[in-house]
Every structure is written in C-alpha cells, then in structure tokens.
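Chains, contacts and geometry: an overview
Here is how the chains run, residue by residue.
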Amino acid sequence: MLTGETTFIKLTARSFRADTVQRQIMSLFDHKKIRIALLDDHPITRRSLEVVAASEPDIEVVGSFGHSRELNAFLRNESVDVLVLDYILNPDELDGLSLIKQLKAHYPQLKILLASSIESIAVIRAAFMAGVKGYIGKREEAPVYFNAIRTVANGQRFMPVDISTAMAMVPTRKRDEGLLDGDEQVEGRKAPISELSNLLTQREAEVIRCFLDGMEIIEIAAKLKRSRKTISGHKQTGMKKLGLSSDLELFKYRDDLFR
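Described below are features of the structure shown in this document. (Residues numbered from 1 in each chain as written. Predicted model: local features only at pLDDT ≥ 70, side-chain atom pairs only at ≥ 80, totals over all residues. Heavy atoms only, no water.)

1. A few points about unusual backbone geometry
Basically, it comes down to this: Runs of E in the DSSP output that reach at least two residues are strands. Runs of H or I that reach at least four are helices, and both are numbered from the N terminus.
With a phi angle near 60°, Lys225 is a residue other than glycine that sits in the positive phi range. Following the sequence through the fold, Lys225 ends up in the loop between helix H10 (217-224) and helix H11 (228-241).

2. Describing the pattern of salt bridges
For clarity, the cut-off: For this document, the term salt bridge refers to a Lys or Arg side-chain nitrogen within 4 Å of an Asp or Glu carboxyl oxygen. Buried means the residue's accessible area, taken with a 1.4 Å probe over protein chains only, is under 20% of the maximum for its type, while exposed means over 50%, and partly exposed covers the values in between.
The tally for this structure, following the rule as stated, stands at 8 salt bridges. With a closest N to O distance of 2.7 Å, Arg150 and Asp58 form a salt bridge. Placement of Arg150 in helix H6 (residues 142-153) and of Asp58 in the loop between helix H2 (43-53) and strand E2 (59-65) is noted, with a sequence separation of 92 residues between them. By relative accessible area, which is 17% here, Asp58 ends up buried. Residue Arg203 pairs with Glu206 through a salt bridge whose shortest N-O separation is 3.3 Å. Here the residue Arg203 and the residue Glu206 both occupy positions in helix H9 (residues 202-212), the gap between them amounting to 3 residues, near one helical turn. Judged by its relative accessible area of 25%, Arg203 is partly exposed.

3. Observations concerning the environment of Gly96
Within the secondary structure, Gly96 is located in helix H4 (residues 96-106). In this structure Gly96 comes out as buried when scored by relative accessible area, which is 6%. On a C-alpha basis, the gap between Gly96 and Leu114 in space is 9.9 Å, while along the polypeptide they are 18 residues apart.

4. A few points about the nonpolar core
Our working definition: In this text, buried Ala, Val, Leu, Ile, Met, Phe, Trp, Tyr and Cys residues form a nonpolar core when linked through side-chain atoms within 4.5 Å. Any two residues whose heavy atoms approach within 4.5 Å at even a single point are treated as in contact.
Among the nonpolar cores identified, the biggest contains 50 residues, and Ile100 and Leu103 are the most heavily contacted of them. Counting residues per element, this core draws most heavily on helix H5 (residues 121-130), at 8 residues. Leaving out residues up to four positions away in the same chain, Leu103 has contacts with Leu71, Asn72, Leu75, Leu83, Leu85, Pro108, Leu110 and Ile112. The next biggest cluster of nonpolar side chains, apart from the first, holds 17 residues, and it includes Leu38, Leu49, Tyr145 and Ala148.

5. A short note on the sheet that holds E2
This is how the line gets drawn: The rule for pairing is simple: two strands pair if DSSP sees at least two bridges between them. Lines are fitted to the C-alpha atoms to define the axes, a helix being fitted only along its stretch in contact, and any angle between axes, read from their N-to-C directions, falls within 0 to 180 degrees.
Reading across from one edge, E2-E1-E3-E4-E5 is the order of the 5 strands in this open sheet, with parallel pairing throughout. Whereas interior strands pair on both sides, the edge strands pair on one side only; in this sheet they are E2 and strand E5 (134-137). For this sheet, the mean angle separating the axes of adjacent strands, direction not counted, is 25°. Two elements, strand E3 (residues 82-85) and strand E4 (residues 112-116), share 3 bridges in a ladder whose sense is parallel. Within E4, the residue paired with Leu83 across the bridge is Ile112. Across the sheet, helix H3 (residues 68-75) lies against strand E1 (34-39), E2 and E3, angled at about 130° from E2, the strand it touches most.

6. Here we look at the pairing of E3
Convention followed: Orient the strands so they point away from the viewer; a crossover is then right-handed if the path from the first strand over the helix to the second runs clockwise.
Here E3 shows a buried face lined by Val82 and Val84 and a second buried face lined by Leu83 and Leu85. Two strands pair when backbone bridges link them, and E1 and E3 are joined in this way by 4 bridges, in the parallel orientation. Within E3, the position partnered with Leu39 by the bridge is Leu85. Handedness of the crossover joining E3 and E4 through H4 is recorded here as right-handed.

7. With respect to the packing of H4 against H5
Basically, it comes down to this: Note on angle classes: values under 35 degrees are labelled roughly parallel, values over 145 roughly antiparallel, values of 65 to 115 roughly perpendicular, and the remainder oblique. Should the near helix be turned counterclockwise from the far one by less than a right angle, the crossing is left-handed, whereas a clockwise turn marks it as right-handed.
The contact between H4 and H5 brings their axes to 9 Å, and the two run at 15°. For the element pair H4 / H5, the angle class is roughly parallel. Pair H4 / H5 crosses with right-handed handedness. Contact with H4, carried on its side by Leu97, Ile100, Lys101 and Lys104, involves Ala126, Ala127 and Ala130 of H5 and no other residues of that element.

As structure tokens, then:
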C-alpha cells in the first residue's frame, strides 16, 4: 500500500513538474509574441486576418482599425512590433504616402508592412523611401502574409520576388539606394521622397507634367517644339521608368508621384 502511495506521489510530482515546465515555456513563448496592428477600411479583411492569426502561436493582433485616426489614438498609448497597413483608405481618410510619413514622423521605430492591391512599382518604391519595411499584395496566401510579418518584425525588408525584380529595373539615385535597402540612417533621408520625377530626365518629367495638366500630345509637341513622335516617346519612357502602365494609373497616383 505504501509502495502504491509512493508511486502515486512520484507520478503526481512528475506531472506537476512537467505541467509547470510547460506553463513556463508557454509563458516565455507568449512573451515573445509579435504584436501587430492592422489598418484597413474593409471589415472582412481585418476580421479574416484576426481569425487566421489566432492559429499562429507567435503572432498576436493587438489592434484592428478601419480609420487612421483610431490607429493614431491607439499608438499614443500602445506599442506594436508590426503595423499591417493598407495604402488606400476611404476618401475622407488620411492615407497613402501622407499617412506613412506622418506615422514615421511620430513613431520613427514603427515597422510598417504595406499590404495592398497597389502594384505600381513607382508607388511601392515611394512607400519604401517613405519608411515602410515591407510590401505584400493582398492576393497572397496566409503563410506568405505571416512570413512577411515575421521578416519585418525581425527588422528585415520583405518584398515579393516579382516586385523586387521590377524595382531593380527602375533607375535609382545613389543617395536613395540605402533607403530602398532598408537603411534608415542614410544621408539624404529628408529629401522630398515623393518626387519620383527626379528619376526622369528633365524632358520626360516636363512632358508628363504637361500631360497631367491636361495638355494633349500635339499641344505639348507645339509647346516644346518637338515632333509628336518624340513627345509620345518621352511620355512612354517616363511612365515605364515609374512603373506605370496606363494613363489611368498616371492620373490615379499623380498626387503621390508629382508633388
């Protein structure tokens, strides 16, 4: 009887120790969870990320917002490891590069993962120059999303291969190379980061600006005393350098690319 009681006590002690060790491990694991916040004006997108993230043991959604003002109020009192940010919000919201610059000005250490349907290389490039640490398209699968979050949380830059390849083909000023590589200490950071017209030749920038002002190709040709073919060539070359494939994209992103 005594032997049985002794065995029971030993097993109970072992079970208690094992349970204690497991709780300690889980406690340590919880302590290392990546705290993320999400800003997206689509409720279904936010809810989807919250649900899927619940199955990730090292990731915790600590804030989910549909308005930039709500996010700003949250960040005044809370810290996050990664902010998953949509580029375009509702028309009455501060968004895009303006929001990114505001967030980085108020929270310099904030790591931003841009999760957006935006695929314009020029806009994505501008976002990296403004201070985001990663970009991911909204059509990516959940594992890719969480890989991006972990990469950015670790202080590294994340970018899909196709976007990275396309970015590498865009001419880059020497002083901007460090910014695009994730080095936030590079001299020249305070340069006008949204003026991607600096990537263009003077003539290409002039032609595109005239076009954005409402001038037709034939009118621009007359103004600059060049042939229509030459002006059209400048426009197409400039748009290609900016990663824009249509006039619609050019007008859509004009405020971000030409300020």
